[in-house]
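# Close look at the chain arrangement
One letter stands for each residue in the lines below.
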Amino acid sequence: MTAAATRLAHVRAEITRAARLARRDPLDVTLIAVSKRRTAEEIEALIVAGQRDFGESRVQEALDKWPALRALYPDVRLHMIGRLQSNKVAEAAALFDTIHSLDRSSLLDALAAAPHPPPAYVQVNLGEEEQKGGVALADLEAFLAVVRASPVALAGLMAIPPLGLEPGPFFAFLYELARRHDVTGLSMGMSGDYSTAVMLGATAVRVGTALFED
Ligand SMILES: *Cc1c(COP(=O)(O)O)cnc(C)c1O
């Protein structure tokens, strides 16, 4: 096995283990390989090992790397996981299959204006951190209503827990918010905490380091 295949097998096994512990079906969890700042060669090694969902955090970087890779591997799915600027939305809507960082009306309007807007997760600012993207908790209910009335399909909720704090309670809270607002998708969990996220209901985990570094 290549190093990339070994890392991929390990992460998949962890997801399966965590899902079983929580009496969940591992197939209900999508593993997104976060390939920001990784080269086309590093990415291709994972594709060859069988990985198909990839996440990028910058539109320009994704435009530089993915059209060539996609020509070779047309069944790859691309996820935009980073902060999105309104002036990049048209390009993002054309390139990405899913957006994980919808957090304001101006973005929603720009997405809705695209010919085929991809489904979007609403990002929630769980830690009420000023520098972080995401809808404030107080605005979530109203924003979800606006998204539901728009042409953009609501994929679920997404969050990045505050650094340095135990992530579990934040994942549990995001799960509760999703339940309360009748949302099914939950994009949560990164290299350090994806097992916890899967146990607490994640349907998409965004894993970079654990898939690309030994
Ligand atoms: C970089 C990034 C990840 C992946 O982080 P790792 O710790 O390398 O797994 C996940 N989600 C978002 C939003 C990111 O920016």
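Throughout what follows, the structure given in this document is the object of discussion. (Residues numbered from 1 in each chain as written. Predicted model: local features only at pLDDT ≥ 70, side-chain atom pairs only at ≥ 80, totals over all residues. Heavy atoms only, no water.)

So, about the site of the ligand. Within the structure, the ligand sits among Val34, Lys36, Ile81, Ile160, Met190, Ser191, Arg206, Val207, Gly208 and Thr209. Ser191 is positioned with one of its side-chain polar atoms (N or O) 2.5 Å from an oxygen atom of the ligand. Side-chain polar atom of Arg206 to a nitrogen atom of the ligand: 2.9 Å apart, as the coordinates give it. In isolation the ligand exposes 390 Å². Once the protein is present, 83% of that is buried. Partitioned by chemical class, the residues of the shell around the ligand number five nonpolar, three polar and two charged. (Near = heavy atom within 4 Å. Polar contact = N/O pair within 3.5 Å; in protein donor to acceptor, adjacent residues only side chain to side chain. Areas by Shrake-Rupley, 256 points an atom, 1.4 Å probe, with all protein chains shown as cover. Nonpolar A, V, L, I, M, F, W, Y, C, P; charged D, E, K, R; others polar.)

Of note in this structure, Arg23 is not a glycine but carries a positive phi near 55°. At Arg37, a residue that is not glycine, the phi angle is positive and equals roughly 65°. The topology assignment puts Arg37 in the loop between strand E1 (30–34) and helix H2 (40–48). (Helix = DSSP H or I, 4+ residues; strand = E, 2+ residues; numbered from the N terminus.)

Side chains three or four residues apart in an α-helix point the same way, a direct result of the helix having 3.6 residues per turn. End to end, helix H6 (residues 137–148) covers 17 Å across 12 residues, agreeing with the expected 16 Å (1.5 Å per residue, within 8%). Among all positions of H6, only Leu140, Phe143, Leu144 and Val147 are buried. The buried residues of H6 all sit within an arc of 110° when viewed along its axis, so they share a single face. Exposed residues lying more than 90 degrees from the buried face of H6 are Ala138, Glu141 and Ala142. At its buried positions, H6 is contacted by strand E4 (98–102), helix H5 (105–112), strand E5 (120–123), strand E6 (154–158) and helix H7 (168–180). (Expected span 1.5 Å × (residues − 1). Buried < 20%, exposed > 50% of the residue type's maximum accessible area, 1.4 Å probe, protein only. Arc of directions from axis to C-beta. Contact = heavy atoms within 4.5 Å.)

All right, on to the packing of aromatic side chains then. Applying the stated criterion to the full structure yields one aromatic pair. Between the aromatic rings of Phe54 and Trp66, the centroid separation amounts to 5.1 Å while the plane-to-plane angle is 45°, which identifies the pairing as tilted. Note that Phe54 is positioned in strand E2 (residues 53–56) and Trp66 in helix H3 (residues 59–72), a separation of 12 residues in sequence. With respect to class, Phe54 is no different from Trp66; both count as buried. (Phe/Tyr/Trp six-rings, centres within 6.5 Å; stacked < 30°, edge-to-face > 60°.)

All right, on to the pairing of E2 then. The alternating pattern of E2 places Asp53 and Gly55 and Phe54 and Glu56 on opposite faces, both of which are buried. Assessed by its sense of winding, the connection that carries the chain from E1 through H2 to E2 is right-handed. Where E2 meets strand E3 (residues 77–80), four bridges bridge the pair, whose relative direction is parallel. Paired with Asp53 across the two strands is Arg77, which belongs to E3. Handedness of the crossover joining E2 and E3 through H3 is recorded here as right-handed. (Right-handed = clockwise from strand over helix to strand, strands pointing away. Pairing = 2+ DSSP bridges.)

Locating His181 in the fold gives a position in the loop between H7 and strand E7 (185–187). Overall, His181 belongs to the buried group, its relative accessible area being 15%.

Taking 1.5 Å per residue as the helical rise, H7 with its 13 residues ought to reach 18 Å, and the 18 Å between its terminal C-alpha atoms agrees with that figure. Along H7, the residues classified as buried are Gly168, Phe170, Phe171, Leu174, Leu177 and Ala178. For H7, the elements touching its buried residues are H6, E6, E7 and helix H8 (194–199). Following H7 by one or two positions, Asp182 has its phi on the positive side, about 60°.

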